[in-house]
Amino acid sequence: MDAQRASEQTQGPITTTDRRSEREVVVTRTFNGPAHIVFDAWTKPELLMKWWTPKSFGITFISCEAGVRAGGTYRFVFGHPDFDQPMAFFGRYLEVEPPRRLVWTNEEGEEGSVTTVTFEERDGKTLLVLHDLYPSKAALDEAMASGGIGGFPEQFEQLDILLGSLPSAGSA
């Protein structure tokens, strides 16, 4: 653990992506900030819109609706210069346990995943673990080939920048 901390201090936070099975991918990252601030960045639309889309993808966040409670729904609408119509991503929140856990469905297609994100606070930092469970091997293969999963490191860098600008994000 100390070697990992030393590495993060010299190289900055590292996002790891691990395909755990034919249907599951796990992404981890430690953020400099308490769990309640990191959780807010995942659940407040005005914060989500500042970091969610990787800038290199050329996507703009048009609107964000998030009824963050068990049974609540979300709808994110994005634009891209290559598409005539905006793209919508939507689903339901299955579990919401502030500031420890979020679980939601991704219902924009037949092969949507269920995403679980946990937030574990350690010494004023937050270990975030994201699990995406897909309904089939083919669905995960397609998600990986599309580049969406590969966008996490850039997204999380953007989240780091946002967290650094928020009040009390750097304090325990």
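Here, every reference points to the structure presented above.
Report on the accompanying structure. (Residues numbered from 1 in each chain as written. Predicted model: local features only at pLDDT ≥ 70, side-chain atom pairs only at ≥ 80, totals over all residues. Heavy atoms only, no water.)

Brief notes about the pairing of strand β1 (residues 16-19)
Along any regular strand the residues' side chains alternate between the sheet's two faces. Our working definition: Any two strands are treated as partners once DSSP identifies two or more bridges connecting them. Secondary structure counts use DSSP, requiring at least four H or I residues in a row for a helix and at least two E residues in a row for a strand, with both numbered from the N terminus.
In the sheet, β1 pairs with strand β2 (residues 24-31) via four bridges, with the strands oriented antiparallel. Each residue of the ladder has a partner; that of R19, found in β2, is V25. Count of turn residues in the β1/β2 antiparallel hairpin: four residues.

Considering empty space enclosed by the protein
Applied cut-off: Using only the protein atoms, space was sampled on a 1 Å grid; points where a 1.4 Å probe fits but cannot get out form cavities, open sets with protein on both sides within 12 Å along at least five of seven lines form pockets, and lining residues are those with an atom within 4 Å of a point. Grid points are joined across faces, edges and corners, and a volume is the space filled by probe spheres set on the points. Gly falls in the polar group here, along with every residue not listed as nonpolar (Ala, Val, Leu, Ile, Met, Phe, Trp, Tyr, Cys, Pro) or charged (Asp, Glu, Lys, Arg).
Tallied over the entire structure, the rule returns one cavity of 30 Å³ or more. What lines the largest cavity is simply W42, L48, W52, Y74, F76, Y93, L102 and W104. Sorting the residues of the lining of the largest cavity by element identifies β4 (73-79) and β6 (101-105) as the ones contributing at least two each. Per-class residue counts for the lining of the largest cavity are eight nonpolar, no polar and no charged.

Here we look at the layout of surface pockets
Of the volumes computed, that of the largest pocket is approximately 1,000 Å³. Put simply, the parts of the chain that give the lining of the largest pocket at least two residues each are β4, β5 (87-97), β8 (125-133), α4 (137-146) and α5 (152-165). Ranked by residues supplied to the lining of the largest pocket, first place goes to α4 with four residues. For the lining of the largest pocket, the per-class residue count stands at 17 nonpolar, 12 polar and four charged.

Quick word on the nonpolar core
The condition that has to hold: To form a nonpolar core, buried Ala, Val, Leu, Ile, Met, Phe, Trp, Tyr and Cys residues must be joined to one another through side-chain atoms within 4.5 Å. Whether a residue is buried, partly exposed or exposed follows from its accessible area with a 1.4 Å probe, protein chains only, as a fraction of its type maximum: under 20%, in between, or over 50%, in that order. In what follows, residue pairs with any heavy atoms lying within 4.5 Å of each other are defined as contacts.
Among the nonpolar cores identified, the biggest contains 36 residues, and W42, W51, W52, F119 and L128 are the most heavily contacted of them. With six residues, helix α2 (residues 35-43) is the largest single contributor of residues to this core. Discounting chain neighbours no more than four positions away, the residues touching L128 are V27, T28, R29, F31, V38, W42, V117, T118, F119 and F156.

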